Each structure stands twice: as structure tokens, then as C-alpha cells.
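Below, each chain spelled out in residue letters.
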Amino acid sequence: SPDRECATMAVQPRVIFTQFSSVDSTEFRPWIEHLDRVLGKLSPARKDVDDPTVWQLVTANNRELARSVGLFDGFGSARDAAKATVASLARAVPHSVVDDRKGVHGWYLSIDGAPEVVCARWYLADRERTQAIGVAVGALADATLGEGARIAVDRSSNGQAERVG
């Protein structure tokens, strides 16, 4: 029934997209710092693209579960990459990481040996991290893909977030 279909869609996880003004934007810097902290030497080289765009896996209430490792040139490229990641989940291998300085646990997924998905946050216990990996993989398999990208507004600007795509 239409009512049941709407109810199902409301609780489904989503992949959302964010486009930054540049790879040097103040909004993008924390994203890169998190990747570097989780992936260390495996963190991808920075590339200069015209429309730096990333994807995030979120729950129905917008709680972030995971992030793309890649930086993509525009919404279309990011959406294609997210679709490819979902299609390749059967080959995904989870990896656990520990930040010894802070005693917290993180994770990432590699596909065919390359990091593709990274945790959205750090966990205090290994058990929480293990559970988070399972939740993220399950949610990614069931996620709907967004139809546009949110524009990340620099903190120094007074503008509102827009959507492109």
C-alpha cells in the first residue's frame, strides 16, 4: 500500500552528498583531518577538482554512520562512486584501527585492497566499533541515494546551504 511504502522510505538509511567550494575550504579541512587520522599512510593523495564532492551514509534521523574515502569532481561522480561501492559490498573487507594517543577505535572498509569507506566517528570500545561496522555495512546495502548535493557554506559566510544536481 502507498502508506506502507512511505513508512518504509522514511526509516531507510540514505547516502547524501556534500559539495565544497574548494579543497582548501574551512568546511572540508575537518573531513581530510579525519581521513588522515583513520587511514594514516593509506589516506589518498589530495587531488584538485573543480567541484569537490563527498558522500556520507546517514540514518533516517541524519545520524552519520560512514563517509566516502574518495573526493569526487561533482555530484554525478560522487553518486556513481557511491553506487559502485554499494555494488561491491560483497568484496568489502573491514579493518580496525586504534588511535593510541587518545585510546579510541575506528574502522574503514577496503574493496579490492583500496580504502573506500571510513567510520564517521571514533568509538571508546572495540565492541562499539565492531557493532558500528555491522550497522554501517547493513545500512549501506539498504540505502537510497540522494538526488542532489548540499553545498557546504564556508563558516565565514552568512549564506544558506543550497542543493545542486
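Note that this is a predicted model, so its numbers are computed, not measured.

A cluster of like negative charges, contributed by Asp24, Asp48, Asp50, Asp51 and Asp73, occupies part of the molecular surface. Positionally, aspartate 48 belongs in the loop between α2 (29-39) and β2 (52-58).

For the structure on display, the rule yields six salt bridges. Where arginine 129 meets aspartate 126, a salt bridge forms, and the shortest distance between an N and an O atom there is 2.3 Å. Highlighted residues: arginine 129 and aspartate 126, both in helix α4 (residues 126-142), separated by three residues, approximately one helical turn. The class for arginine 129 is buried, based on a relative accessible area of 4%. Several salt bridges converge on common partners, so that one network encompasses Arg37, Asp99 and Arg101.

This next bit is on the pairing of strand β7 (residues 114-119). Looking at chain direction, strand β3 (residues 64-68) and β7 are connected through three bridges and run antiparallel. Bridging from a neighbouring strand, alanine 66 pairs with cysteine 119 of β7. Note that strand β6 (residues 104-111) and β7 share four bridges and pair antiparallel. Note on β7: the bridge partner recorded for serine 110 is proline 115. Where β6 hands over to β7, the hairpin turn is made up of two residues, of which aspartate 112 adopts a positive phi near 55 degrees.

Conventions used here
Residues numbered from 1 in each chain as written. Predicted model: local features only at pLDDT ≥ 70, side-chain atom pairs only at ≥ 80, totals over all residues. Heavy atoms only, no water. Patch = residues over 30% accessible without salt bridge, like charges linked within 9 Å, V, L, I, M, F, W, Y side chains within 5 Å. Areas by Shrake-Rupley, 256 points an atom, 1.4 Å probe, with all protein chains shown as cover. Salt bridge = Lys/Arg side-chain N within 4 Å of Asp/Glu carboxyl O. Lys, Arg positive; Asp, Glu negative; His and termini not counted. Charge placed at Lys NZ, Arg CZ, Asp CG, Glu CD. Helix = DSSP H or I, 4+ residues; strand = E, 2+ residues; numbered from the N terminus. Buried < 20%, exposed > 50% of the residue type's maximum accessible area, 1.4 Å probe, protein only. Pairing = 2+ DSSP bridges.

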